[in-house]
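Here is how the chains run, residue by residue.
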Amino acid sequence: EVQLVESGGALVHPGGSLRLSCAASGFRFSNYDMNWVRQAPGKGLEWVSFISDSGSTTYFADSVRGRFTVSRDNARNSLFLQMESLRADDTAIYYCAREVVVGRPFDYWGPGTLVTVSS
Amino acid sequence: IQMTQSPSSLSAFVGDGVTITCRASQGISSALAWYQQEPGRAPKLLVYSASILQSGVPSRFSGTGSGTDFSLTISSLQPDDSATYYCQQLNSYPYTFGQGTKLEIK
């Protein structure tokens, strides 16, 4: 069974840093591109970041570029999102999601982890 | 690429059919997916490549469209169809979502 489980969400002060993790199981993690998507409280979905299966290619939303980095450890079936210079508008549930080749949709999502940026 | 969904909300009775539309600000071929999100849950993939039903999704759900105009139709509504529905373009990064359509089942 495919499972994605995020962790690392917390309350952090503006300007602070946080590292989110996503543990994958039930599939060959190294074969799949992965994404991070976030959802502010009561708001819609916002795509945040992409990383290719090998980790060699990454993309970011304009809203986080230069502040967030994405990485993965295929040996440990783990995806990471390093977040720096956090702002109040980064407050959201952060989901990791698996991207499939055909059509590139996100077919599996984790339950999400909550990041709150507040003083 | 901006994605505009309509309506933003709608309500319907059990057994009714509804259609949600999604318009892209530029052509995206058939690179569009639809997701369903129940309150407090992660999104669930319903349709990809504009019209291909994800495995396990009831055939009451169907997607059509290409280029800039797309639609998701749900026929014979069931109580557990109450959710928010999002479209997402997968043609180019950033992979933008529509703003969502909240469906209430009366």
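Residues numbered from 1 in each chain as written. Chains lettered and ligands numbered in written order. Predicted model: local features only at pLDDT ≥ 70, side-chain atom pairs only at ≥ 80, totals over all residues. Heavy atoms only, no water.

### Things to note about the overall build of chain B
The number of helices and strands found in chain B is 0 helices and 10 strands. Counting from the amino terminus, chain B carries its helices and strands in the arrangement β-β-β-β-β-β-β-β-β-β. For chain B, the spread of C-alpha atoms along the three principal axes comes to 35 × 25 × 25 Å. Taken over 106 residues, chain B has a buried fraction of 48%. Only carbon and sulfur atoms are counted for the fraction: they give 47% of the accessible area of chain B, which is about 4,700 Å². Looking at charge distribution, chain B has the averaged site of its 6 positive side-chain charges lying 3 Å from that of its 6 negative ones. (Helix = DSSP H or I, 4+ residues; strand = E, 2+ residues; numbered from the N terminus. Buried < 20%, exposed > 50% of the residue type's maximum accessible area, 1.4 Å probe, protein only. Areas by Shrake-Rupley, 256 points an atom, 1.4 Å probe, with all protein chains shown as cover. Lys, Arg positive; Asp, Glu negative; His and termini not counted. Charge placed at Lys NZ, Arg CZ, Asp CG, Glu CD.)

### Thoughts on the layout of surface pockets
Reported here for the largest pocket is a volume of approximately 450 Å³. Lining the largest pocket are 23 residues, and of these Gln39 and Lys43 of chain A together with Gln37, Thr84 and Tyr86 of chain B sit closest to its centre. Going through the elements one at a time, strand S9 (92–99) of chain A together with strand S9 (83–89) and strand S10 (101–105) of chain B are the ones with two or more residues in the lining of the largest pocket. Of the residues assigned to the lining of the largest pocket, the class counts are 9 nonpolar, 9 polar and 5 charged. If you add up the space inside the second largest pocket, you get close to 330 Å³. Asp107, Tyr108, Trp109, Gly110 and Pro111 of chain A together with Gln36, Glu38, Arg41, Ala42, Pro43, Lys44 and Leu45 of chain B together form the lining of the second largest pocket. Contributions of two or more residues to the lining of the second largest pocket are made by strand S10 (106–109) of chain A together with strand S5 (44–48) of chain B. The element that contributes the greatest number of residues to the lining of the second largest pocket is S10 of chain A, accounting for 3 residues. Residue composition of the lining of the second largest pocket, grouped by class: 6 nonpolar, 2 polar and 4 charged. (1 Å grid on protein atoms, 1.4 Å probe; cavity = no way out; pocket = protein on both sides within 12 Å on 5 of 7 lines; lining within 4 Å. Points joined across faces, edges and corners; volume = space filled by probe spheres on them. Nonpolar A, V, L, I, M, F, W, Y, C, P; charged D, E, K, R; others polar.)

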